[in-house]
Amino acid sequence: MIIATWNINSIKARLETALAWVREAKPDVLCLQELKCESEAFPSAAFEELGYTCTIHGQKTYNGVALLSKAAPEDVRRGLPGDEADTQSRYIEALFPFGKRMVRVASIYLPNGNPLGTEKFTYKLGWMDRLHAHAKKLLRLEEPLVLAGDYNVIPKPIDAKHPEAWVNDALFQPESRARFRELQILGFTEAVRALAGDQPGLYTFWDYQAGAWQKNNGIRIDHLLLSPQAADHLKAVRIDKHVRGWEKPSDHVPVVITLA
DNA sequence: ATGACATATGAGATATGA
């Protein structure tokens, strides 16, 4: 079973790019982030032609997450629990068939948090605390679970070409990184580092500006966290870096795992 | 270097991103 995550940076502006990659990679479940469109405006028909069901938690202009799947979803949850006043569409989860059992998959668009010293950073940390609480509850189900998405966290210096350039950025703050570690300490396995070890130069985002892609000036901020019951089945992981070189690319590329 | 790029909104300039 192939599960992927991809911050698409506007599904409407990137529809042909998204379709091309889905045709190429044929994921069973694709977690999308930054749709930048309302649920009703999501171009579902184009994906349905490829055999996918689109389960969407959209929002006008900003945010928006989706689960595209070959199988029908069950037990769909839209929105991260813990703050009824939070109107930002950054979380969707559902259950999908995985052999004779099921796997729960979440598509996560964690807040950026910049600039520091503002409510945006406070919101990021609060959102991470809510994610921690929800993840802890989900773990108690003792089922295969994959929390996939744009975490907007650079876990370690090895995850940036120029880590010193990020020391004043919300993505690389000790508070952000500690919360990402605390998630894993709950019992999650981070797919890329689990299989690639300390291999340097693994990035999932390259800024549009200043020739970042051409200089391979990237960061690794898109992650898949696996419950023990999912990690037991983790066979492969890859970062589809070549997609960043396509026409009209997102600034993020897909990260893909195989469970078997 | 509050800039470069890119997108959405809406029709010019601003907000957001990372």
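Everything here concerns the structure above.
This structure is a prediction, so every number in the text was calculated from the model and none was measured.

A. View of the pattern of salt bridges. Following the criterion strictly, the structure yields 9 salt bridges and no others. With a shortest N-O distance of 2.9 Å, Arg 130 and Asp 86 are connected by a salt bridge. Within this pair, whereas Arg 130 is found in helix α3 (residues 119-139), its partner Asp 86 is found in the loop between β5 (74-78) and β6 (91-98), the two being separated by 44 residues in sequence. Two residues, Arg 220 and Asp 159, come together in a salt bridge whose shortest N-O distance is 2.7 Å. Placement of the pair is Arg 220 in the loop between β11 (218-219) and β12 (222-226) and Asp 159 in the loop between β8 (145-150) and α4 (174-185), with a sequence separation of 61 residues. In this structure, Arg 220 and Asp 159 share a single accessibility class: buried. One connected set of salt bridges, linked through shared partners, spans Asp 75, Glu 93, Arg 104 and Glu 143.

B. Inspection of the sheet that holds strand β14 (residues 255-259) at higher detail. One open sheet accounts for 6 strands, arranged β3-β4-β2-β1-β14-β13; its pairing is mixed. A single partner strand is all that each edge strand has here, and the edge strands are β3 (53-57) and β13 (234-239). Averaged over all neighbouring strand pairs, the angle between strand axes comes to 15°, with direction disregarded. Bridge count between strand β2 (residues 29-33) and strand β4 (residues 65-69): 5 bridges; the pairing is antiparallel. When the sheet's bridge partners are listed, Leu 32 is paired in β4 with Ala 66. Strands in contact with helix α1 (residues 15-25) are β1 (2-7), β2, β13 and β14; relative to β1, the strand with the most contacts, it is inclined by about 160°.

C. Looking closely at the sheet that holds strand β7 (residues 101-109). With mixed pairing, 6 strands are arranged side by side in an open sheet as β5-β6-β7-β8-β12-β9. On the outer flanks of this sheet lie β5 and β9 (189-190), each paired with one strand and no other. By the bridge criterion, 2 bridges tie β9 to β12 in an arrangement that is antiparallel. In the sheet register, Glu 190 faces β12, and the bridge partner there is Leu 225. Of the strands in this sheet, β5, β6, β7 and β8 are in contact with α3, which crosses β6 at around 25°.

D. Layout of the protein's contact with DNA strand B. Looking at DNA strand B, there are 24 residues lining it, with Ser 10, Arg 14, Asn 112, Leu 171 and Gln 209 nearest. Within the side chain of Asn 7, one N or O atom sits 3.5 Å away from a phosphate oxygen of DNA strand B. The contact in question runs from a phosphate oxygen of DNA strand B to an N or O atom on the side chain of Ser 10, over 2.3 Å. Across the surface near DNA strand B, the residue classes tally to 8 nonpolar, 8 polar and 8 charged.

E. Quick peek at the side chain of Asn 7. Summarising the element assignment, Asn 7 is placed in strand β1. Accessibility expressed as a relative area gives 0% for Asn 7, which makes it buried. One polar contact links Asn 7 to His 252, side chain to side chain, over a distance of 3.5 Å. Contact partners of Asn 7, with chain neighbours within four places excluded, come to Gln 33, Glu 34, Tyr 109, Asp 150, Asp 222, Ser 250 and His 252.

F. Looking closely at the environment of Phe 180. Counting through the fold element by element, Phe 180 comes out in helix α4. Separated by 29 residues in sequence, Phe 180 and Tyr 151 have C-alpha atoms that sit 8.4 Å apart. Setting aside chain neighbours within four positions, we find Phe 180 in contact with Met 128, Tyr 151, Val 153, Pro 155, Glu 190, His 223 and Leu 225.

G. Just the layout of surface pockets, in detail. Estimates place the volume of the largest pocket at around 600 Å³. Taken together, 29 residues make up the lining of the largest pocket; nearest its centre are Arg 90, Tyr 109, Pro 111, Asn 112 and Gly 113. Per-element accounting of the lining of the largest pocket gives the leading share, 3 residues, to α3. Along the lines of polarity and charge, the residues of the lining of the largest pocket split into 9 nonpolar, 11 polar and 9 charged.

H. Region of interest: the side chain of His 252. Following the sequence through the fold, His 252 ends up in the loop between β13 and β14. Dropping the residues within four chain positions of it, His 252 is found in contact with Trp 6, Asn 7, Asp 150, Thr 204, Phe 205, Ile 221 and Asp 222.

I. Just the nonpolar core, in detail. Residues Leu 32, Phe 42, Phe 47 and Val 146 are the most contacted members of the largest nonpolar core, which totals 52 residues. If near-sequence neighbours (up to four positions away) are discounted, Leu 32 is found in contact with Trp 6, Ile 8, Ile 11, Phe 42, Gly 64, Val 65, Ala 66, Leu 68 and Ser 107. Formed by 19 residues, the second largest nonpolar core is a distinct cluster that contains Leu 131, Phe 180, Leu 183 and Phe 188.

Rules used throughout
- Residues numbered from 1 in each chain as written.
- Chains lettered and ligands numbered in written order.
- Predicted model: local features only at pLDDT ≥ 70, side-chain atom pairs only at ≥ 80, totals over all residues.
- Heavy atoms only, no water.
- Salt bridge = Lys/Arg side-chain N within 4 Å of Asp/Glu carboxyl O.
- Helix = DSSP H or I, 4+ residues; strand = E, 2+ residues; numbered from the N terminus.
- Buried < 20%, exposed > 50% of the residue type's maximum accessible area, 1.4 Å probe, protein only.
- Pairing = 2+ DSSP bridges.
- Axes fitted to C-alpha atoms, helices over the stretch in contact; angles between N-to-C directions.
- Contact = heavy atoms within 4.5 Å.
- Near = heavy atom within 4 Å.
- Polar contact = N/O pair within 3.5 Å; in protein donor to acceptor, adjacent residues only side chain to side chain.
- Nonpolar A, V, L, I, M, F, W, Y, C, P; charged D, E, K, R; others polar.
- 1 Å grid on protein atoms, 1.4 Å probe; cavity = no way out; pocket = protein on both sides within 12 Å on 5 of 7 lines; lining within 4 Å.
- Points joined across faces, edges and corners; volume = space filled by probe spheres on them.
- Core = buried A, V, L, I, M, F, W, Y, C linked by side-chain atoms within 4.5 Å.

Read these as geometric descriptors, not functional statements.
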